[in-house]
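Here's the letter readout for the chains.
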Amino acid sequence: MTAPHLRLEQIIDKLRQRAFRVTPQRLAVLKILAESRNHPTVEQIYAQVCQEFPTLSLATVYKTVALLKEMGELLELGQRDGSSRYDGNKPWPHPHVICTECRNIIDYDELPLGNLSRDVAAKTGYRVMNLQLDFFGVCPRCQSGK
C-alpha cells in the first residue's frame, strides 16, 4: 500500500495542475480514497463524508469519483452484482482477493503482472486496454462463522 499521506498529496497535486479546486468536501473524499484498504463504494464514501459535511450531496461524490477515474487516479473494480468499488491508493491494475460472502476485498501484490498484458497482446493480436485479475473465495472470518 502506498503511504496514504503521500498518495493524497499526489492526487491533490494532479488536481491543481489541471486547475480543479480542492474544496474541503472534495478533500474529505480524497482522504477516504487514499487511506482506504477496503475499496469502498460511492455510497460508503458518501456516508463517511456526511459525518463531517452533512449537507454534502451524493452527486458531489459521484462527480469526484468520475473525475479521478478520468484522470487515471482511481481504479474501479466492477463487481458481479453490477456495483463498483474503488481503489484510490493503487490506481493501477493489480490482483484482488474478494470474499463471496461478506464482499471484503484485499489487494494481493504477490503476482508479477509486469509483462502479462504485453504477452497476451503478442500472442492474441489484441490491443490490451486494461487488465483485471480477481480471485474469489471465502475469507477466514466468514469461514469461521464470525
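Just so it is clear, the structure is predicted and the values come from calculations on it, not from any experiment. (Residues numbered from 1 in each chain as written. Predicted model: local features only at pLDDT ≥ 70, side-chain atom pairs only at ≥ 80, totals over all residues. Heavy atoms only, no water.)

Q: Outline the packing of helix α2 (residues 24-35) against helix α3 (residues 42-52), supporting the account with residue identities and numerical values.
A: Where α2 meets α3, the axes come as close as 10 Å, and the angle between the chain directions of the two elements is 125°. The pairing of α2 with α3 is recorded here as oblique in orientation. Here the hand of the crossing between α2 and α3 comes out right-handed. Residues Gln25, Ala28, Val29, Ile32 and Leu33 of α2 lie in contact with α3, whose contacting residues are Ile45, Gln48 and Val49. (Axes fitted to C-alpha atoms, helices over the stretch in contact; angles between N-to-C directions. Helix = DSSP H or I, 4+ residues; strand = E, 2+ residues; numbered from the N terminus. Parallel < 35°, antiparallel > 145°, perpendicular 65-115°, else oblique. Left-handed = near helix turned anticlockwise from the far one by under 90°. Contact = heavy atoms within 4.5 Å.)

Q: Lay out the sheet that holds strand β4 (residues 105-107) in plain terms, naming residues and giving numbers.
A: Pairing is mixed across the open sheet formed by three strands, whose spatial order is β4-β3-β5. Every interior strand has two partners, whereas the edge strands, β4 and β5 (134-137), have only one. In this sheet, adjacent strand axes meet at a mean angle of 20° when their direction is disregarded. Pairing geometry for strand β3 (residues 96-99) and β4, over three bridges, is antiparallel. Each bridged residue has a counterpart across the sheet, and for Val97 the counterpart in β4 is Ile106. (Pairing = 2+ DSSP bridges.)

Q: Describe in detail the pattern of salt bridges, supporting the description with residues and values.
A: Pairs may arise between side chains of opposite charge once their charged atoms sit close together. Per the counting criterion, the structure on display carries six salt bridges. Across the pair Arg7 and Glu73 runs a salt bridge whose closest N-O atoms are separated by 2.7 Å. You can see Arg7 sitting in helix α1 (residues 4-17) and its partner Glu73 sitting in the loop between α4 (58-70) and β1 (75-78), a full 66 residues away along the chain. Judged by relative accessible area, Arg7 falls into the buried class, the value being 3%. Here Glu73 falls in the buried class, since its relative accessible area comes to 4%. A single network of salt bridges, built from pairs that share partners, joins Arg7, Lys14 and Glu73. (Salt bridge = Lys/Arg side-chain N within 4 Å of Asp/Glu carboxyl O. Buried < 20%, exposed > 50% of the residue type's maximum accessible area, 1.4 Å probe, protein only.)

Purely geometric numbers; function is a separate question.
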